[in-house]
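# Residue-level structure breakdown
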Amino acid sequence: MKRVMTIFTLCLLCITLNAQRDSVIVREKKHNPNYELPVVHGFSVNADVLSPVMNLVHGRVYGGECHIDLNLFNRVFPTVEVGYADAVQNLGMDVTYKTHAPYVRVGLNYGLLKPFTKSGEHRSLDCYPYVGLRYAMAFMNYDIQNLVIEDKYWGTKDVKNFTNPSVYSGWMEVVAGVRMNLARGFTLGWAFRFRALLHTTAEDKVFVHYVPGYGKSDGSAFTFNYTIGYTFSIDGRKPVEKKY
Amino acid sequence: MATGCTSPNECLQNMDVAYKVKFMKVAYDQGSESYVASQVSVVTSVHGLGRDSMLYDSVQVNGMALPLQSNDTISAFVICQQAASYGDTVMVSDTLWVIHDNELEFVSVECGCAVQNKVRDVIHTVNMIDSVARVADMVDRKSIENLKIYVRNR
């Protein structure tokens, strides 16, 4: 009987302790449903409309690029930019440099506006500035045509083409820009880019006179993009109305 | 002497590609009681076979830089060396054939390209030349020494 009483007392003690613990855990949280937005809000497809025009100004360069980015938390935008360029540069004395290659840039943008106000309400991001970082790569072929081989002693002259089958070039870009929603998902954007050619599998950087997606290897480190695009919203929320 | 392509802008790199040759002589050294090879200066005239213009014209040199043909795989040179014979000074001629492959090397946009060569064989007559030793078969802009010519003791 004494043993039964001891077990009964222990069970009561456990129940009491458990009840006390529950009273500590179960506390009413200050809850705001706006903080529970989905991770992925949508994705955008943008076409660069300025680069093709600028390429024609800088020489006979044809090509274009488009940007795809994913909207995570309305703050972080992983980005892939793909393009293609076909360039012919005249180096003088009928010597031409030809290259044509696709290029890819991967990286992310970081929105500079907080997606929530202090009170936890969802903030409209119809126009937001951002900064970003890219790693870019081009898998290029280049030809240097009409090279005159002159053998002064033996008195011979020959015209040859120098063809390099495949060269990899990679570089970094720092981006600062603005994206603006126009209407019904259509967006405009512009961005400044600072780029630095990091490495190439060519024997020397001077061999890659023009890199698709980068431009002239000894050219300006700054460039400018102007994009038009469309944003596909996939979070199921209606766009937040502007408050004036 | 440089063989290469022309380019409109200023080139600041060395574009000379030549087959670098040194003259050697083997002499008996009584101190060490052995034959010792050493570099030697000889009065030399050199021209390419079939070419009139002289690469070296009766100058005392201990080495030569010979331009190999960029459009052919055989470059031949006539090497005349001054030698003493029965109290007189005579010119003794040898012909040196260099058999090689040619390869185009792009140097830069400013400099254009250079033709570098890979030597496959060296053949020579044996009037003044005793023997040759191939040191490096790759002939490019960085070549320092490609061939040693051992001249006869006269």
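Please refer to the structure higher up on the page.
To keep things clear, this report deals only with the structure shown in the data block. Since we're looking at a predicted model, the values are computed, not measured. (Residues numbered from 1 in each chain as written. Chains lettered and ligands numbered in written order. Predicted model: local features only at pLDDT ≥ 70, side-chain atom pairs only at ≥ 80, totals over all residues. Heavy atoms only, no water.)

Glancing now at the overall build of chain B. Along chain B, the regular secondary structure elements total 0 helices and 12 strands. Put simply, chain B runs from its N terminus to its C terminus through helices and strands in the order β-β-β-β-β-β-β-β-β-β-β-β. Within the span of chain B, comprising 154 residues, buried residues form 46% of the whole. A separation of at least 24 residues holds for 51% of the contacts in chain B among residues at least 6 apart in sequence. In the form shown here, chain B has an accessible surface area of approximately 7700 Å², with 46% of it arising from carbon and sulfur atoms. (Helix = DSSP H or I, 4+ residues; strand = E, 2+ residues; numbered from the N terminus. Buried < 20%, exposed > 50% of the residue type's maximum accessible area, 1.4 Å probe, protein only. Contact = heavy atoms within 4.5 Å. Areas by Shrake-Rupley, 256 points an atom, 1.4 Å probe, with all protein chains shown as cover.)

What follows covers the overall build of chain A. Across its full length, chain A carries 2 helices and 10 strands. For chain A, the succession of helices and strands along the chain, N to C, is α-β-α-β-β-β-β-β-β-β-β-β. Within chain A, buried positions represent 36% of all 244 residues. The contacts of chain A with a sequence gap of at least 6 include a subset with a gap of at least 24, amounting to 66%. As displayed, chain A offers around 14700 Å² of accessible surface, 64% of which is attributable to carbon and sulfur atoms.

All right, on to the packing of aromatic side chains then. The full count for this structure, using the stated rule, is 14 aromatic pairs over all chains. Across from the ring centre of Tyr214(A), 4.9 Å away, lies the NZ or CZ of Arg195(A), which sits over that ring. (Phe/Tyr/Trp six-rings, centres within 6.5 Å; stacked < 30°, edge-to-face > 60°. Lys NZ or Arg CZ within 6 Å of the ring centre and 35° of its normal.)

With that out of the way, let us pick up the interface of chain A and chain B. Many authors give the size of an interface as the accessible area that is lost as the parts come together. Facing the 22 residues of chain A at the interface are 29 residues of chain B. Between chain A and chain B the total buried area reaches about 2300 Å² when both faces are included, carbon and sulfur atoms providing 63% of it. When the area that chain A buries against chain B is broken down by residue, the three leading residues are Ile149(A), Tyr153(A) and Trp154(A), summing to 35%. The tally of links from chain A across to chain B stands at 0 salt bridges. There are 6 residue pairs in polar contact (both at pLDDT 80 or more) connecting chain A and chain B. Looking at the side of chain A that touches chain B, the elements with two or more residues in it are strand E3 (76–92), strand E5 (127–151) and strand E6 (156–183) of chain A. Counted by class, the side of chain A that touches chain B contains 11 nonpolar, 5 polar and 6 charged residues. (Buried area = accessible area lost by both parts, 1.4 Å probe. Salt bridge = Lys/Arg side-chain N within 4 Å of Asp/Glu carboxyl O. Polar contact = N/O pair within 3.5 Å; in protein donor to acceptor, adjacent residues only side chain to side chain. Nonpolar A, V, L, I, M, F, W, Y, C, P; charged D, E, K, R; others polar.)

Another aspect to go through is the side chain of Asn46(A). Residue and element names in this part refer to chain A. As for its position among the elements, Asn46 is in strand E1 (residues 40–48). At a separation of 3.3 Å, a polar atom in the side chain of Asn46 contacts the side chain of Thr187. When neighbours within four sequence positions are excluded, Asn46 is seen to be in contact with Glu65, Cys66, His67, Asp69, Arg179, Thr187, Thr227, Ile228, Gly229 and Tyr230.

Let us look at the nonpolar core. Residue and element names in this part refer to chain B. Tyr19, Phe23, Val46, Met64, Leu66, Leu96 and Ile149 are the most contacted members of the largest nonpolar core, which totals 32 residues. Elements with a minimum of two residues in this core: strand E2 (19–29), strand E4 (42–48), strand E5 (54–61), strand E6 (63–66), strand E7 (74–85), strand E8 (88–108), strand E9 (112–124) and strand E12 (147–151). Not counting the four nearest positions on each side in its chain, Leu66 is found in contact with Ala18, Tyr19, Val21, Val46, Leu55, Phe77 and Leu96. (Core = buried A, V, L, I, M, F, W, Y, C linked by side-chain atoms within 4.5 Å.)

All names here are of chain A. Counted under the stated rule, the structure contains 3 cavities of 30 Å³ or more. The calculated volume of the largest cavity comes to roughly 110 Å³. Along its surface, the largest cavity is lined by 16 residues, and His67, Tyr130, Arg179, Arg193 and Thr227 are the ones closest to its centre. Within the residue set of the lining of the largest cavity, elements represented by two or more residues are strand E2 (60–72), E3, E5, E6, strand E7 (186–200) and strand E10 (222–233). The element that contributes the greatest number of residues to the lining of the largest cavity is E7, accounting for 4 residues. (1 Å grid on protein atoms, 1.4 Å probe; cavity = no way out; pocket = protein on both sides within 12 Å on 5 of 7 lines; lining within 4 Å. Points joined across faces, edges and corners; volume = space filled by probe spheres on them.)

These results come straight from atomic positions and should not be treated as a statement about function.
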